[in-house]
Amino acid sequence: MESSILESIGQEIIGVMSPVSLCMLLVVLLVYSLSDSNSFSSAPIRTAANLVYLENPSDTAAQKLEGALLNALVFVILIAIVTFVLVLLYYYNFSNFLKNYMRFSAFFVLGSMGGSIFLSIIQHFSIPIDAITCFLLLFNYTIVGVLSMFSGGVPIILRQGYMLVELASSRDEELPALVYEARPTVSRNEGNPRSTLGFLVAGVSDSGSVELQAVSNNNVRKDGSENRRSPEYAAIQVRNLENVEGERNRVGERSPLVGHSRERYSPDSNSSEYSTVVRNRESEIVVDEERSPLVDMLGMDNEREHEMRDPVVASRGIKLGLGDFVFYSVLVGRAAMYDLMTVYACYLAVISGLGCTLILLSVCHRALPALPISITLGVIFYFLTRLLMEPFVVGIATNLMMF
Amino acid sequence: MTVAAGIGYALVALGPSLSLFISVISKKPFLILTLLSSTLVWLISLIILSGIWRAFLPLNSTSWWPFAILIFSSVAFQEGLRLLFWKVYKRLEDILDAFADRVSKPRLYLTDKMQIALAGGLGHGVAHAVFFCLSLLTPAFGPATYFVDRCSQIPFFLVSAIIALAFVTVHTFSMVIAFNGYAEGNKLDQYFVPSVHLAAGMMTLINFAYDGCVIGIPLLFLMAILTLMHCGRMVWRRLADNQRQGIS
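Keep in mind it's a predicted model, so treat the numbers as computed, not measured.

### Focus: the overall build of chain A
1) Next: In terms of helices and strands, chain A carries 12 helices and 5 strands.
2) Next: Put simply, chain A has 403 residues, and 54% of those count as buried.
3) Next: Sequence separation of at least 24 residues holds for 79% of the intrachain contacts in chain A that already meet a minimum separation of 6.
4) Next: Accessible area of chain A: about 17,100 Å², with a carbon and sulfur share of 66%.

As structure tokens, then:
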């Protein structure tokens, strides 16, 4: 009997949805296991998000609002400055510096946030481990993380795992880390398509190590950027292709600069520092341009706002930006702080929003923002579940009546 | 009662569906999508129902007839949604067949259609288990347990897990029966499903009496076994017919 179409249809969609689900699961587990121990920690840490005004419960509402607005303004300005500096560095070909900076920041982020979570877990579960072993393990974990993200020859599962963990850990609200996506401030450089393509992390469709799906002739190509200028850069490779060009298979978006700036809390100094992580390994594409025909083809429609992907090129699979993962996980993590019912409802809402977006993608053959539908549905379902469904279900379930 | 008990309760409710999922559904991505969408449909139906009934809550828990009306209306609504689900599925089947023709692959087999129905039913069942059982299980991971006086012999969590297990079975296989009934135009099957669902819902009303769960839950499992057997017999008959047709 010939194999039916049911075997292979829908594979891409599931390929996108499973990392998202895994990330959300990780976040929910983290929230549940760490929520008791960390709920009322000591004095709030001064981070970049509250440089100007530190909230005090006894302040009046007007003061809080003013302080919040001021904080937001300062934050935005700071991010803009840092983004600008990074773009300048790109423009003047400081690629080595940027590469090494990226590696360093990945190392630091994995180390510091992973370390904080590790420490919280040790504290919460009273794991007997000494400081030196802990340090060694953490160091090992961080180094392997950096290696897996930035060099070849590492199994792709490991890389995806590290990305997921990094995403999940960076969203932990207990830590003062703020994941923010920088907005590019430099207009698209229409100049030499090759060089810009080679350099800027722009929404280059990554090279195709993606195999064409025989069954689905959807020319789907989506970079889940929030909007055209949102800097989603590193995308999780949605297919487990054993290719070595896996690393080049990144980003799917078109913004010239992908900035992933975080603010970190350095325990030794009491100030927060910024580091803009440009997780874009596009710089490595420079040498490999010849090997990626996709990059060439896309040279022309590079930095334009509303570009239409070449349909042939487009059938390279679906890509989802990392920021989308983060925001989905933020939503679900927030729901987890209330109840498991809201978690499930929000999870379903987000997944269905993602599914709708993917369907839209196959209809409109252009990159679409992944966030609006999912987040809207997620918020709606959260409130509906919390206000309407929960009294209903809990009321009849505790009376042991179900249908 | 500790993490082990919590996980145990969760597995009592969802164990069979987990094994069904791993063995049948996880292999075909389309079935996973069907499962997710049917779970979503069930969730939406639950939200709409709770929206309608919100004004009347909290119900007076001493009289049983408000609950009867509630369960009756809920079951009726969900069966109506099942009909809608069937109509959407028919259209989907046409699309899939057209697609199969386009890529010159065989059209949907009977087993494929049954698997889609199974995935849909499993979605409903999993949604039931999660919303009626798992979401209430969070305290079970802690150090204590909880008893309700309607069923004072065993902890509440265990009771709800067992009831959820029965309902998962009912939901999963009644979807297969229903789709088959609609496809064949078999009136018996078409009426079998809503009546079993309603009967199962009404059985839980028996739990209303003090210690009623001693009678209610075995009856509920009787319904579940009935559904299973009917589904098994129907599938066997269809597959045998299909094979005979294929050979001849």
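Don't stop here, the text continues.
### Brief notes about the pattern of salt bridges
Residue and element names in this part refer to chain B.
1) Next: One pass over the structure, following the stated rule, counts 7 salt bridges over all chains.
2) Next: Glu-93 is paired through a salt bridge with Lys-113; the nearest N and O atoms lie 3.4 Å apart. Residue Glu-93 is located in helix α3 (residues 65-102), and its partner Lys-113 is located in helix α4 (residues 110-132); the two are separated by 20 residues in the primary sequence.
3) Next: On the basis of relative accessible area, Lys-113 is assigned to the partly exposed category, the value being 28%.
4) Next: Across the pair Arg-107 and Asp-101 runs a salt bridge, and its minimum N-O distance is 2.6 Å.
5) Next: Among the residues examined, Asp-101 registers a relative accessible area of 40% and is labelled partly exposed.

### Points about the interface of chain B and chain A
1) Next: Taken together, the contacts link 64 residues of chain B with 44 residues of chain A.
2) Next: When chain B packs against chain A, the two sides together hide about 4,800 Å² of surface, and 79% of this comes from carbon and sulfur.
3) Next: Applying the counting criterion to the chain B and chain A interface returns 0 salt bridges.
4) Next: Inspection of the chain B/chain A interface yields 4 residue pairs in polar contact (both at pLDDT 80 or more).
5) Next: When residues of the side of chain B that touches chain A are traced back to their parent elements, those giving at least two are α2 (29-53), α3, α4, α5 (156-184) and α6 (187-203) of chain B.
6) Next: With 17 residues, α2(B) is the largest single contributor of residues to the side of chain B that touches chain A.
7) Next: Of the residues belonging to the side of chain B that touches chain A, the class tally is 41 nonpolar, 16 polar and 7 charged.

### Overview of α3(B)
1) Next: With 38 residues, α3(B) ought to run about 56 Å at 1.5 Å a step, and its terminal C-alpha atoms sit 55 Å apart, in line with that.
2) Next: Following α3(B) by one or two positions, B:Ser104 has its phi on the positive side, about 50°.

### Topic: the UniProt feature "transmembrane region" (unreviewed entry) in chain B
All names here are of chain B.
1) Next: Under the feature "transmembrane region" (unreviewed entry), the UniProt entry names residues 6-25, 30-52, 64-85, 116-137, 157-179, 191-210 and 216-236.
2) Next: Each end of residues 64-85 is marked by a C-alpha atom, and these two atoms are 31 Å apart; helix forms 95% of the span and strand 0%.
3) Next: Here residues 191-210 is 65% helix and 0% strand, with 32 Å between the C-alpha atoms at its ends.

### Observations regarding the packing of aromatic side chains
1) Next: Scanning the entire structure with this criterion turns up 21 aromatic pairs over all chains.
2) Next: Ring geometry for A:Tyr344 versus B:Phe131: centroids 5.4 Å apart, planes at 65°, classification edge-to-face. Residue A:Tyr344 is found in helix α11 (residues 340-364), and its partner B:Phe131 is found in helix α4; the two belong to separate chains. For the pair shown, A:Tyr344 and B:Phe131 are each scored as buried.
3) Next: Centre to centre, the rings of A:Phe403 and B:Phe132 are 5.4 Å apart; their planes meet at 75°, and the pair counts as edge-to-face. Highlighted residues: A:Phe403 in the segment after α12 (371-397) and B:Phe132 in helix α4, drawn from two different chains.
4) Next: Three or more aromatic residues joined by ring pairs make a cluster, and in this case those are B:Phe85, B:Trp86, B:Tyr89, B:Phe179 and B:Tyr182.

What counts and what doesn't
Residues numbered from 1 in each chain as written. Chains lettered and ligands numbered in written order. Predicted model: local features only at pLDDT ≥ 70, side-chain atom pairs only at ≥ 80, totals over all residues. Heavy atoms only, no water. Helix = DSSP H or I, 4+ residues; strand = E, 2+ residues; numbered from the N terminus. Buried < 20%, exposed > 50% of the residue type's maximum accessible area, 1.4 Å probe, protein only. Contact = heavy atoms within 4.5 Å. Areas by Shrake-Rupley, 256 points an atom, 1.4 Å probe, with all protein chains shown as cover. Salt bridge = Lys/Arg side-chain N within 4 Å of Asp/Glu carboxyl O. Buried area = accessible area lost by both parts, 1.4 Å probe. Polar contact = N/O pair within 3.5 Å; in protein donor to acceptor, adjacent residues only side chain to side chain. Nonpolar A, V, L, I, M, F, W, Y, C, P; charged D, E, K, R; others polar. Expected span 1.5 Å × (residues − 1). UniProt positions renumbered as here; feature names shortened; annotations may be inferred. Phe/Tyr/Trp six-rings, centres within 6.5 Å; stacked < 30°, edge-to-face > 60°.

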